[in-house]
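Structural overview
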Amino acid sequence: MITLSSDFGWPYPAAMRGVIASDSDARMIDICHEFPRGDVRTAAFWLREVLPYFPPSVHLVVVDPGVGTDRAVLAIRAGEHALVGPDNGVLVPAARELGEPFEAFELGEFDAASATFHGRDVFAPLATRVHDHGVASMGALEDLEPRQDISSVEFPTPVVEHDTVHGEVLVVDGFGNAITNIPGGHVTDRLGSGVTVNGESFPAARSYAAVGPGEELVTIGSHGNVELAVNGGRGDVAFGVEPGDTVMLAF
Amino acid sequence: MITLSSDFGWPYPAAMRGVIASDSDARMIDICHEFPRGDVRTAAFWLREVLPYFPPSVHLVVVDPGVGTDRAVLAIRAGEHALVGPDNGVLVPAARELGEPFEAFELGEFDAASATFHGRDVFAPLATRVHDHGVASMGALEDLEPRQDISSVEFPTPVVEHDTVHGEVLVVDGFGNAITNIPGGHVTDRLGSGVTVNGESFPAARSYAAVGPGEELVTIGSHGNVELAVNGGRGDVAFGVEPGDTVMLAF
Amino acid sequence: MITLSSDFGWPYPAAMRGVIASDSDARMIDICHEFPRGDVRTAAFWLREVLPYFPPSVHLVVVDPGVGTDRAVLAIRAGEHALVGPDNGVLVPAARELGEPFEAFELGEFDAASATFHGRDVFAPLATRVHDHGVASMGALEDLEPRQDISSVEFPTPVVEHDTVHGEVLVVDGFGNAITNIPGGHVTDRLGSGVTVNGESFPAARSYAAVGPGEELVTIGSHGNVELAVNGGRGDVAFGVEPGDTVMLAF
């Protein structure tokens, strides 16, 4: 199975699907092609959350603002999974979840038909070869060379101080839920009562519908982290936060 | 075959695809993940229109504003199809089309990894089990219990009075066509001439392009209902209507 | 394999998938359902760029503002590929790339359940029949008649005059790259230095990231044509152009 992820929107993902289908019978499943354009960090977050739900697969990931520059082309083996994409850090948080220690390889010299669409011309063909050759033995592909230092996206660790946790908003999902880096365990005891967020009190609850329509709440999202949300509305707007903003939780 | 529908946008549907692919070789086809967030009624309408075009399948439907509350988790057998989703009415209009009388089951006690993403943690695993076990014998799954009363979404019936039909707009599609609850039969005789909509006269025609570009028309949509449209434009804007608004057709 | 393309957005493509799946085990791959509504020209451009990356397939294309009028329903054999869609020119640029000379057939009289959704009622069933019957012998389908004159979308050829090329913007992609009809060969020698676009000088470079974030550049896109772009931004906005606008390149 090959999964496909990108920030392409339409119609470029179809060219990648065509390239793969031309050389392989691999099953293809789209993860998402709507990652914010060039936003390596947001893509890295979501891939870390979603890819571990897949059976052993080759994950083709093309969020690649440096396309055509000398950034390396990587294939990573992580457990029974492989990830193929640019060396800009987007692959690493997911790789750590899929199997640590992971092993990285760099594609040696290659010809690309274009310098602007390596998804089609470089990454999709490489993902297909890794898939058909077998993830376990991908190191035997002669144009893959072991590579030690690769770029990584790192998410900050929240800081705990007395009865306060200083974290930040990592991403906002399509519902408007503001997802923080604060582990849900910090609010488990408060579910049903409340917490203070950036100085203001809010109910903490297990589910969105535990508060009235349009009301704010603090909950634990499906990723296990603290989430600022509104029942049937947008948490990012109601809490006035966006990715990178500080979230100070007090109890 | 398992079909997937939700109001998730991206990237949450991919987690459901991963969960299914981990346990089953079932073919997966996406119906739509762009239903308006939390809009059970609109999703119910479109599922009723689209699902009957599928061969026998398990239809996973997650438009679930009550996620994590005590709303039941349902599996419905309707003809050779199954529907899996929350007990909020979203499944029922489609179930009636797929096979009546349909039979409903409730999932007994279950553990969910999250209280905010039952699509991934509860519904997708249940749909997979129903699929692999077989729709015909789904009642034999030991954690499914027959259930009599379930929630339903009901669409209003238009009222006919002399030469006037009082209906309403049910949904607006992406083209801007305002789809009413008025059966197309009411305007069949008027195609090629005209009808009065909320007091104003408009041409009635079989196809959009029967009127000039940018002109309003009344037509019979692919669902068999009267539709307020504009050739190459948005009917909802031109007619000034949105879902729930009254439409009074006179002849 | 059957590929699906349309300007439907959601949820109408699912009805086509259901119709195909009801009659065939054909693998289905979505190309794009987000083509601008009714924009035959843009769809024709992208299909010409993307479809040649696919292995032999039946390509179902429904961008059909004339649905329900007397425009013909076409099936085209081009090399080992087939294209099925309306006779409005949308199929032709791709057909020329897939195999010339191509051969066109018209569907004879047919019954359609609706006059507004031939994608579901006419084109999808025809694509399925062509697929299952075999592209090579599609002419043997008894309701297909050879057809000589069909509509075509033609893209203009740029005019070269001394050291100036007069072209135009054909489409703008989702990143905001303004894609012209000017072959990349005209700027190959200028990569690394610069060119004049509509009287103003800009750097010309092989990759977006060759200029600073937010800076304009002229590059050669993955389609081989000259593209007006911004590194990490929208070229159409920065250059002030939209499809159909003149682009005058000077060296």
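Please refer to the structure placed before this passage.
Not measured: the values here are computed from a predicted model.

Conventions adopted
- Residues numbered from 1 in each chain as written.
- Chains lettered and ligands numbered in written order.
- Predicted model: local features only at pLDDT ≥ 70, side-chain atom pairs only at ≥ 80, totals over all residues.
- Heavy atoms only, no water.
- Contact = heavy atoms within 4.5 Å.
- Buried area = accessible area lost by both parts, 1.4 Å probe.
- Salt bridge = Lys/Arg side-chain N within 4 Å of Asp/Glu carboxyl O.
- Least-squares fit on C-alpha atoms with pLDDT ≥ 70 in both.
- Pairing = 2+ DSSP bridges.
- Helix = DSSP H or I, 4+ residues; strand = E, 2+ residues; numbered from the N terminus.
- Axes fitted to C-alpha atoms, helices over the stretch in contact; angles between N-to-C directions.
- Polar contact = N/O pair within 3.5 Å; in protein donor to acceptor, adjacent residues only side chain to side chain.

Digging into the interface of chain A and chain B
If you look at the interface, chain A gives 26 residues, while chain B gives 28 residues. A buried area of about 2100 Å², summed over both sides, lies between chain A and chain B, and 65% of it is on carbon and sulfur atoms. Looking at the side of chain A facing chain B, the largest losses of area belong to A:Y53, A:F175 and A:S222, adding up to 29% of the total buried there. Summed over the shared surface of chain A and chain B, the number is 0 salt bridges.

Points about the relation of the copies chain A and chain B
The transform that puts chain A on chain B rotates by 120° and translates by 0.0 Å along the axis, for an RMSD of 0.0 Å. In the structure described here, the two chain copies are related by an operation that fits a three-fold rotation axis. Here only 4% of the contact residues of chain A are again contact residues in chain B; the copies associate through non-equivalent surfaces.

Brief notes about the sheet that holds strand β3 (residues 58-62) of chain B
Strand pairing within a sheet occurs via backbone hydrogen bonds; the two strands may be parallel or antiparallel. All names here are of chain B. In space, the 7 strands of this open sheet follow the order β2-β1-β3-β5-β4-β6-β7, with mixed pairing throughout. Unpaired on one side and paired on the other, β2 (28-32) and β7 (144-146) mark the two borders of the sheet. Taken over all neighbouring pairs, the strand axes of this sheet differ in orientation by 25° on average, direction set aside. Packed on one face of the sheet, helix α1 (residues 12-23) meets β1 (2-6), β2 and β3 and runs near 155° to β1.

Side note on the interface of chain B and chain C
Tallying the contact residues gives 26 residues for chain B and 28 residues for chain C. Together, the buried faces of chain B and chain C total about 2100 Å²; carbon and sulfur atoms form 65% of this surface. The largest share of the area that chain B buries against chain C comes from B:Y53, B:F175 and B:S222, three residues that together contribute 29% of it. Our count for the chain B to chain C interface comes out at 0 salt bridges. Summed over the shared surface of chain B and chain C, the result is 8 residue pairs in polar contact (both at pLDDT 80 or more).

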